[in-house]
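Overview (structure and organization)
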Amino acid sequence: MALLSVARRIQRTHTQIPFPFLFQRSATVPSAFPSPSTQQLPLLSLAFHQTFFISSRTSLLTSNFSTLQSLSTQTLNYPFEFASLPFNDPDPQEPALLHLLKRVAHFSSETEAMASLDESGIKATQGLVCSIIWTLREEWRLAFLAFKWGEKWRIARENTYELMIWVLGNQRKFNMAWCLIRDLYRSSMDTRRAMFIMIDRYAAASDPCKAIQTFHTMEKFRMTPDEEAFSNLLKALCRYGNIEEAEEIMLVNKKLFPLDVDGFNIILNGWCNILVDVFEAKRVWREMSKYCITPNATSYTHMISCFSKVGNLFDSLRLYDEMKKRGWDPGIDVYNSLVYVLTRENCLNEAYNILKKMRKTGLQPDSATYNSMIRPLCEAEKVEEARNILSIMKEENLSPTTETYHAFLHGVGFEGTLEVLNHMKVAGLGPNGDTFLLVLGKFFKMEQPEHALKIWAEMKHFQVFPSSSHYRALVEGLATSGWLVKAREYYDEMRSCGFLDDPKLKKLLEGPKQQSGNMEREYWKWLNVWFWLRMELLLLMGEDIESITSSTTS
């Protein structure tokens, strides 16, 4: 009740704005960022123990608090528990095979390339082939060549096929992926997981219709599209933002797959944690009541998460109380959401009280809990409080995570960013591809493309090699910053590395040229109109044709 009274007090401060949860907090970005020379930055190894300097002139770039990654970067993750494949231990033959594959890729025929691989003396193993395919996941031609070589030596198993299908789907080579599924089927191997991968990749490629069609195609491969398959379809659609399609197919198929709380929770998760749409989440909550579906602990967890992300403290606490009254025990995710929204709404003492409540229920705060406090403090430039939270975190033998470092990255300049990256490397926590996407986005939003290019140059130093997502972020950022020449250079480099054309980027790069041509055409059109109007006017004034011609040419 004490927390609810705090929430009501905060809510009253927002009465001037109707529906305050519509307005997500955004920080203004300064036009001029402190130059590295003006920042007296301590060593980051000291910063995480003592101080972490952030200039008071620096406004932080805010985003919805979420442990989920952006849709554009999800293809960089380990897919479908492929970690279970036998390539956890590096094969000493891998560097030699990588070098050889890049060399034989230029041969005129596949037979010649295979012969060269066979004569190399490299022994084909399933672990080696899978590791090479994963390493070359952004260069699908080379990855496919390695797969064919493994297939020739009969060491390609079901999970090898599945990994290759994922790589091909990731690069939108769906026809080739379907050929591999047919090969699996003809070899009497299980195609079920391969079909799930195709559904996932179609959804990731923003093609929900093909994802749904693939689900219905399962029968052709003698598989029953059962509840597990239907659940996987809904999750895949929601995971990549196709939540309306997922909800529609769930309702359309309610006779075949009766509506239940688990299905609605998948949809709720989409609206609450993927797109963070409070209106749609509330609507689905009401729909559950309409279909006599009683929300469970997971339903409440999603809704509380959604309200906390948009800073709606009152409804977060209201649902928390309601959840307990209905007999559901809040899990650590619920407490993390409450800690986040309380910290964000300047109720740090109440956030500490939530930590005490967690311990009383037998739950121990983890790194994610403390990150839920550090992130909003960094966003609000309350770095001293964030350092205090970090100290408490360390006292409880909880090490900073990648999310912790990412939170502090929001508030430092170029030199400070390098310090954070170096500290991440020392701690064995990256930096990874997502880290650099975050940093690139930050500098472009702050209108500092020169620092974005410097960070790009630093990527190789940290053994992070650009993916298609990194190239897209760089090219789009440079183009929108007006650095079109550089943007075209990196787009050409992206294409030369074997990445697919991006129509959106091509249009962005060609836009100014086309606009310039349009302006020129408009100029001559109006000049022509002006010329004839002037002639008409002079004729009306009684001028003869010779005098008009001489006056217009002079």
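Here the structure is a predicted model, which is why all the values come from computation and not from measurement.

Once that is clear, we can look at helix 17 (residues 332–344). Residues separated by three or four positions in an α-helix point in the same direction, a consequence of the helix having 3.6 residues per turn. The end-to-end C-alpha separation of helix 17 is 18 Å, in line with the 18 Å expected for 13 residues at 1.5 Å each. A positive phi of about 65 degrees marks Asn 346, the residue just after helix 17.

Another aspect to go through is the packing of helix 24 (residues 449–458) against helix 25 (residues 468–480). Orientation of helix 24 relative to helix 25, taken along the N-to-C sense of each, is 155 degrees, at an axis distance of 10 Å. Taken together, the axes of helix 24 and helix 25 lie roughly antiparallel to each other. Of the two elements, helix 24 crosses helix 25, and the hand of that crossing is left-handed. Between helix 24, through Pro 449, Leu 453 and Trp 456, and helix 25, the contact on the second element is made entirely by His 470, Tyr 471, Leu 474 and Leu 478.

Core analysis: the largest hydrophobic core is formed by 118 residues, its most contacted members being Leu 117, Met 164, Ile 165, Leu 233 and Ile 374. When residues no more than four places from it in sequence are discounted, the contact partners of Ile 374 are Ala 386, Ile 389, Leu 390, Met 393, Thr 404, Ala 407 and Phe 408. Formed by 33 residues, the second largest nonpolar core is a distinct cluster that contains Phe 443, Leu 453, Leu 478 and Tyr 490.

With that settled, consider the confidence of the model for the protein chain. Overall, the predicted model of the protein chain reaches an average pLDDT of 81, with 76% of residues at or above 70. When pLDDT is averaged over each element of the protein chain, helix 15 (residues 297–309) comes out on top at 98 and helix 2 (residues 44–47) at the bottom at 38. Overall, residues 12–79 carries pLDDT values under 50, and its contacts beyond four positions in sequence, including any with other chains, amount to 143 contacts. Confidence over residues 513–517 falls short of pLDDT 50; this stretch has one contact with residues more than four positions distant or in other chains.

Quick look at the pattern of salt bridges now. Where charged atoms from two side chains of opposite charge approach closely, those side chains can pair. Within the structure shown, the criterion is met by 21 salt bridges. A salt bridge links Glu 228 to Arg 192, with the shortest nitrogen-to-oxygen separation between them at 2.9 Å. Taken as a pair, Glu 228 in helix 11 (residues 227–239) and Arg 192 in helix 9 (residues 192–204) lie far apart in primary sequence, 36 residues in all. Arg 192 gets classed as buried once you look at its relative accessible area, which sits at 17%. Asp 501 is the salt-bridge partner of Lys 506, the closest N and O atoms lying 4.0 Å from each other.

It is worth spelling out a positive patch on the surface at this point. On the surface, a cluster of positive charge is contributed by Lys 324, Lys 356, Lys 357 and Lys 360. Take the positive patch: its biggest share by element is three residues, from helix 18 (residues 348–360). You can see Lys 324 is positioned in helix 16 (residues 313–325). A relative accessible area of 37% means that Lys 324 is categorised as partly exposed.

Okay, the state of the cysteines next. Scanning the model with the defined rule gives zero disulfides in all. With no disulfide of its own, Cys 306 has Cys 272 as its nearest cysteine by sulfur position, at a separation of 4.2 Å. For Cys 306, a relative accessible area of 1% puts it in the buried group.

Conventions we followed
- Residues numbered from 1 in each chain as written.
- Predicted model: local features only at pLDDT ≥ 70, side-chain atom pairs only at ≥ 80, totals over all residues.
- Heavy atoms only, no water.
- Helix = DSSP H or I, 4+ residues; strand = E, 2+ residues; numbered from the N terminus.
- Expected span 1.5 Å × (residues − 1).
- Axes fitted to C-alpha atoms, helices over the stretch in contact; angles between N-to-C directions.
- Parallel < 35°, antiparallel > 145°, perpendicular 65-115°, else oblique.
- Left-handed = near helix turned anticlockwise from the far one by under 90°.
- Contact = heavy atoms within 4.5 Å.
- Core = buried A, V, L, I, M, F, W, Y, C linked by side-chain atoms within 4.5 Å.
- Buried < 20%, exposed > 50% of the residue type's maximum accessible area, 1.4 Å probe, protein only.
- pLDDT = per-residue confidence, 0-100.
- Salt bridge = Lys/Arg side-chain N within 4 Å of Asp/Glu carboxyl O.
- Patch = residues over 30% accessible without salt bridge, like charges linked within 9 Å, V, L, I, M, F, W, Y side chains within 5 Å.
- Areas by Shrake-Rupley, 256 points an atom, 1.4 Å probe, with all protein chains shown as cover.
- Lys, Arg positive; Asp, Glu negative; His and termini not counted.
- Charge placed at Lys NZ, Arg CZ, Asp CG, Glu CD.
- Disulfide = S-S within 2.5 Å.

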